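Analysis of the macromolecular model
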Amino acid sequence: MVSSRPHDVLHVGHLFRIPFQSVSGEILAGLAAAGFGDVRPAHLVVFQHVRREGSRLVELARLAQITPQAMGYLVDQLAERGYVERIPDPDDRRAVLVRLTGRGWDEVACALATIADLEREWEEVLGAAAYAQLKDSLGALCAHLATRGYV
């Protein structure tokens, strides 16, 4: 029998899901409070993966682990809302890059500030040493999973 209390969950999936949902929820709440209430949870993968100089849609889709069609839909929504723009790829005239606009960079700055606040809170809860160890351990796990094709 599995208890509904978070500290009694039995498998690692739950232990990752709860903090992930917290991060996403806090980011979205911070964005809404700062005037970016039109950003939806699905849009976060675009902001997370787009490079400063711009990224190809297929690259964004691969990194987000979704289809190019799904990524195109998200990019279309964000372009309509003024967060991204499509520009010609200087390396390939047939290709287009997705790049953040000024509004997009403002959204990123707000999201990063919210994440910094959340990290400070978690460090207070766990203690500095335990929090540093958590980040190191998760970094090592991510590095290992990257060798298996996860990004």
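First things first, this report covers the structure right here in the doc. Keep in mind the model is a prediction, meaning the values are calculated, not measured.

1. Observations regarding the packing of helix α1 (residues 12-33) against helix α5 (residues 102-126)
Packed helices, taken two at a time, are described by their axes: the angle between them and the distance between them. The N-to-C vectors of α1 and α5 enclose an angle of 130°; their axes lie 9 Å apart at closest approach. It follows that α1 is oblique to α5 by the angle criterion. Two packed elements cross with a definite hand, and for α1 against α5 that hand is right-handed. Taken together, the residues of α5 that come into contact with α1 (itself represented by Pro19, Ser22, Val23, Glu26, Ile27, Gly30 and Leu31) are Glu107, Cys110, Ala111, Thr114, Ile115, Leu118 and Trp122. Residues that form the contact of α1 with α5 fall into these classes: nine nonpolar, three polar and two charged.

2. Some details on the side chain of Ser55
Along the chain, Ser55 turns up in strand β1 (residues 55-56). From its side chain, Ser55 meets the backbone nitrogen of Arg51 in a polar contact 2.8 Å long. Aside from chain neighbours lying at most four places away, what touches Ser55 is His49, Val50, Leu60, Val96, Leu97 and Val98.

What counts, and at which threshold
Residues numbered from 1 in each chain as written. Predicted model: local features only at pLDDT ≥ 70, side-chain atom pairs only at ≥ 80, totals over all residues. Heavy atoms only, no water. Axes fitted to C-alpha atoms, helices over the stretch in contact; angles between N-to-C directions. Helix = DSSP H or I, 4+ residues; strand = E, 2+ residues; numbered from the N terminus. Parallel < 35°, antiparallel > 145°, perpendicular 65-115°, else oblique. Left-handed = near helix turned anticlockwise from the far one by under 90°. Contact = heavy atoms within 4.5 Å. Nonpolar A, V, L, I, M, F, W, Y, C, P; charged D, E, K, R; others polar. Polar contact = N/O pair within 3.5 Å; in protein donor to acceptor, adjacent residues only side chain to side chain.

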